[in-house]
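Examination of the molecular architecture
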Amino acid sequence: MSVSQYCKRDAASIAADASALDAAKLMRKHRTGTLVVIGEQDGKHKPLGLLGESALVMEVLARGKDPKTVTAADLMQPLEDCAREDEAVWAVVERMRERNQRRLPVTDVEGAFVGLLAADDILELLAAGLIDIAMLTRATPATGKTSGTKRAGQKNTARKATKRPAKKDAANKKDPADQPEKD
């Protein structure tokens, strides 16, 4: 299994010289908290770093800086590593674990940006594999048909039992932070 099968190819990216304001707008548009900062090298768009929403808050908003003058390059976390799309996914996961990285840009063999591999993507891969294994344990030996639950994408009664029950009276509960302090 290669990284190319599991990375998100439509991951949001931003030019290194783009403003922090542009980064915030792009994050909102793509509903993401991370952008891949891209620079032009050898005629290719290559990943230079990752820009997270916390950098916008901590380095721009909290410090009162003008988001129109701070650039993505000023805020990005420079990359130590990228994954190549032809690498084995489990080898890349091991590197991510060793470096405590939740996201890693993915490049083609020439180093051009093609996508982003995130821990969430790996969890989806594992979950799908576990569902397939669970389906094997429910198959009847004679027919090979499953008993009870159906494959992913179809109604699955077994999963309903694992959902948390809704909180009762959530609207009537008050946030402890809204309560007056007691002396």
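Residues numbered from 1 in each chain as written. Predicted model: local features only at pLDDT ≥ 70, side-chain atom pairs only at ≥ 80, totals over all residues. Heavy atoms only, no water.

Successive residues of a regular strand alternate their side chains across the two faces of the sheet. With six of eight residues buried, strand S2 (residues 34–41) is to be regarded as a mostly interior element. Relative to S2, strand S1 (residues 13–15) is paired through three bridges, and the arrangement is parallel. Directly across from Ala15, in S2, lies its bridge partner Ile38. With helix H1 (residues 20–30) bridging S1 and the parallel S2, this β-α-β connection has right-handed handedness. (Buried < 20%, exposed > 50% of the residue type's maximum accessible area, 1.4 Å probe, protein only. Helix = DSSP H or I, 4+ residues; strand = E, 2+ residues; numbered from the N terminus. Pairing = 2+ DSSP bridges. Right-handed = clockwise from strand over helix to strand, strands pointing away.)

The geometry of H1 relative to helix H2 (residues 53–61) is characterised by a closest axis approach of 10 Å and an angle of 145° between their N-to-C directions. For the element pair H1 and H2, the recorded crossing hand is left-handed. Side by side, H1 and H2 meet where Ala20, Ala23, Ala24 and Met27 of the first sit next to Glu53, Leu56 and Val60 of the second. Grouping the constituent residues of the contact of H1 with H2 by class yields six nonpolar, no polar and one charged. (Axes fitted to C-alpha atoms, helices over the stretch in contact; angles between N-to-C directions. Left-handed = near helix turned anticlockwise from the far one by under 90°. Contact = heavy atoms within 4.5 Å. Nonpolar A, V, L, I, M, F, W, Y, C, P; charged D, E, K, R; others polar.)

Here we take up the nonpolar core. Core analysis: the biggest nonpolar cluster contains 18 residues, and Ile14, Leu35, Val37, Leu51 and Leu75 have the highest contact counts within it. For this core, the elements supplying multiple residues, two or more each, are H1, S2, H2 and helix H3 (72–75). Sorting elements by how many residues they give to this core places H1 first, with four residues. Ranked by size, the runner-up nonpolar core spans eleven residues in total, among them Ala83, Val89, Val92 and Ile122. (Core = buried A, V, L, I, M, F, W, Y, C linked by side-chain atoms within 4.5 Å.)

Let us now look at the pattern of salt bridges. Going through the model one piece at a time under the given rule, you end up with twelve salt bridges. Between Glu85 and Arg9 there is a salt bridge, with its nearest N and O atoms 2.9 Å apart. Of this pair, Glu85 sits in the loop between strand S5 (83–84) and helix H4 (89–99) while Arg9 is found in the segment before S1, placing the two residues 76 residues apart along the sequence. Beyond isolated ion pairs, a larger network of salt bridges with shared partners links Glu80, Asp81, Glu87, Arg95 and Arg99. (Salt bridge = Lys/Arg side-chain N within 4 Å of Asp/Glu carboxyl O.)

Pairing within the open sheet is mixed, and its four strands lie in the order S1-S2-S3-S4. Each edge of the sheet is formed by a strand with only one pairing partner; in this case those strands are S1 and strand S4 (77–78). Looking at chain direction, S2 and strand S3 (residues 44–52) are connected through eight bridges and run antiparallel. Paired with Glu40 across the bridge in S3 is His45.

Okay, H4 next. Those residues of H4 not exposed but buried are Val89, Val92 and Met96. Taken around the axis of H4, the buried residues stretch over an arc of 65°, which confines them to a single face. Across from the buried face of H4, at angles greater than 90 degrees, the exposed residues are Arg97 and Glu98. Looking at the buried residues of H4, the elements they touch are S5, strand S6 (103–107), strand S7 (113–118) and helix H5 (119–138). (Arc of directions from axis to C-beta.)

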